[in-house]
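An overview of the molecular structure
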Amino acid sequence: MTEKKSTKSLEVPKTMKAWVLDGPEELRLTEKPVPQPGPAEALVRIDAVSICGTDVEIITKGLPAWIRGGLPFNKNFTPGHEYMGTIVKLGEGVDEYKIGDRVAVEIHAGCGRCERCRQGMYTSCLNYGLNYEGHNKGHRANGFTTDGGFAQYAVNHINTLAHVPDEMSDEEATLIVTAGTAMYGLDVLGGLVAGESLVVTGPGPIGLMAVAVGKALGAGPVILTGTRDSRLNLGLKLGADHVININKENPVEVVKRITGGRGTNYVMECSGAPNALNEAMDMTQRGGRICLAAFPSEPALVDLAKIVRNNIYLYGIRGEGKSATHRAAALMTQKKFDAKLMHTHTFPLEELPTAFKYFRGRIEDAIKVVVKVS
Ligand SMILES: [Zn+2]
Ligand SMILES: [Zn+2]
């Protein structure tokens, strides 16, 4: 493989541009010292960072970011977690990567010392947010409990890095971690989805990636439900065998019809709609499995007896555990699906607030809005 020649400098300045979160909704561009990598860490020059729905949660409500034992406001905290970049400095003893390597990142390094981290479930680390004086378990989740990617540089543990091939654009590489979350959901459902049927409810970025990854792993039929035809059409391009616009058709009836009355093996719930779990139970077959990958904003009323009567398995996931991001990166490197289709807009780092406006307002059908860092 030939080295990609970067036109940007690999030299590391002393200070960098970084956005910080003041009060809710108050992002401010400032200068910060460039962080230094420790043992088992690398300094990443951020080349591109994508906006995620969770970033909106963080800048408006604070959670799930957790900084020094509390909400992340007015703590000089830099959010942003779906980024990629170039290694520009190695911490002591690091030989797994070299300077100039292009990398995508996982969000969660975890603490590395708790039971969950040791099981590969570092996205549900038991020491979440414990990384400050008097409570230092070394937890890292960039953009959540440590500084993230709306900046020129970030430090990453080498476990959170995945190589990006030369042919892949910066914009596409920011989507590796999104695909990693979809991959983790499918892992949790059992992983061996080839020849098994899958419904994905909700065509947001994770739902669309669940379609793409599920199809790449051989699931079939893959059925996508949603309310907007433009997103559903994109789902078809990413590998859905059927799409259902729930404003026009009853999704349970259509899924039953497609599956000969049985329902599917799996449902991946990515909509967060109040009735989503009840519908998922009606769409899955007896003994089927449901993975919840979206946050409903309110408590939901659920017919629990249906879970018991039908021996349905229910899972919740957070993020991209068990190195799922590496497997997702492999699928994208092998061009098993065209993630680029989800990237709709690009803005420079200085225009982050405009990028958020496009993402939040879905202006011009925005899906993945990428910020390029120069
Ligand atoms: Zn995200
Ligand atoms: Zn841990």
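Criteria and thresholds
- Residues numbered from 1 in each chain as written.
- Chains lettered and ligands numbered in written order.
- Predicted model: local features only at pLDDT ≥ 70, side-chain atom pairs only at ≥ 80, totals over all residues.
- Core = buried A, V, L, I, M, F, W, Y, C linked by C-beta atoms within 7 Å.
- Buried ≥ 20, exposed ≤ 12 C-beta atoms within 10 Å, placed from the backbone.
- Domains from an automatic or database assignment.
- Contact = placed C-beta atoms within 7 Å.
- Helix = DSSP H or I, 4+ residues; strand = E, 2+ residues; numbered from the N terminus.
- Nonpolar A, V, L, I, M, F, W, Y, C, P; charged D, E, K, R; others polar.
- Axes fitted to C-alpha atoms, helices over the stretch in contact; angles between N-to-C directions.
- Left-handed = near helix turned anticlockwise from the far one by under 90°.
- Pairing = 2+ DSSP bridges.
- Parallel < 35°, antiparallel > 145°, perpendicular 65-115°, else oblique.
- Expected span 1.5 Å × (residues − 1).
- pLDDT = per-residue confidence, 0-100.

1. Brief notes about the nonpolar core
Core analysis: the biggest nonpolar cluster contains 110 residues, and A104, I176, A179 and V213 have the highest contact counts within it. Split by domain, the residues of this core number at least three in each of domain 1 (15–107 + 142–174 + 340–372) and domain 2 (178–316). If sequence neighbours within four positions are ignored, I176 has contacts with A104, A162, T325, A328, A329 and M332.

2. Section: unusual backbone geometry
Here the residue pair L63 and P64 is connected by a cis peptide bond, since its omega of 5° sits within 30 degrees of zero. Inspection of the secondary structure assignment puts P64 in the loop between α1 (53–61) and β4 (82–90). Geometrically, the link from G220 to P221 is a cis peptide bond, its omega value of -10° lying close to zero. Mapping P221 onto the fold places it in the loop between α5 (205–216) and β13 (222–226). One non-glycine residue, K322, lies in the positive phi region at around 55°. With respect to the helices, strands and loops of the structure, K322 is situated in the loop between β17 (313–316) and α10 (324–333).

3. A look at the domain arrangement of the protein chain
Along its sequence, the protein chain is organised into domain 1 (15–107 + 142–174 + 340–372) and domain 2 (178–316). Broken down by class, the residue content of the side of domain 1 that touches domain 2 amounts to three nonpolar, one polar and four charged.

4. Focus: the packing of helix α4 (residues 176–189) against α5
It is the contact of α4 with α5, at a shortest axis distance of 8 Å, that shows an interaxial angle of 65°. Here the hand of the crossing between α4 and α5 comes out right-handed. Counting all contacts with α4, which are made through T178, A179, T181, A182, M183, G185 and L186, the residues of α5 involved are P205, I206, M209, A210, V213 and G214. Of the residues that constitute the contact of α4 with α5, the class distribution is nine nonpolar, four polar and no charged.

5. Focus on the pairing of β17
In this structure, strand β16 (residues 284–292) lies alongside β17, joined through four bridges in parallel fashion. If you follow I290 over to β17, its bridge partner there is L314.

6. Some thoughts on the packing of helix α7 (residues 251–258) against helix α8 (residues 276–283)
Where α7 meets α8, the axes come as close as 9 Å, and the angle between the chain directions of the two elements is 20°. By the angle class used here, α7 and α8 are roughly parallel. Taken as a pair, α7 and α8 cross one another with a handedness that is right-handed. Within the contact between the two elements, α7 uses P251, V252 and V255 and α8 uses E279, D282 and M283. Class assignment for the residues of the contact of α7 with α8 results in four nonpolar, no polar and two charged.

7. Some remarks on the sheet that holds β17
Judged by pairing direction, the sheet is parallel, and its six strands sit side by side in the order β14-β13-β12-β15-β16-β17 without closing on themselves. Each having just a single partner strand, β14 (242–245) and β17 make up the two edges of the open sheet. Taking each pair of neighbouring strands and ignoring which way they run, the sheet shows an average axis angle of 15°. Against the sheet, helix α6 (residues 229–237) makes contact with β13 and β14, and its axis sits at roughly 170° relative to β14, the strand it touches most. Helix-sheet contacts for α8 involve β12 (198–201), β15 (264–269) and β16, and the interaxial angle to β15 is about 165°.

8. A short note on the environment of V44
Along the chain, V44 falls in strand β3 (residues 41–50). Taking the C-alpha atoms as reference points, V44 and G218, separated by 174 residues in sequence, lie 34 Å from one another.

9. A look at α4
Helix length check: α4, at 14 residues, gives a terminal C-alpha distance of 20 Å against a target of 20 Å (1.5 Å per residue), a fit within 8%. Burial of α4 is extensive: 14 of the 14 residues sit out of reach of the surface. Looking at the residues trailing α4, positive phi occurs at G190, about 135°.

10. Notes on the confidence of the model for the protein chain
Mean pLDDT over the protein chain: 96, with 98% of residues reaching 70 or higher. Scored below 50 in pLDDT, residues 1–5 shows five contacts in the model against residues more than four places distant or in partner chains.

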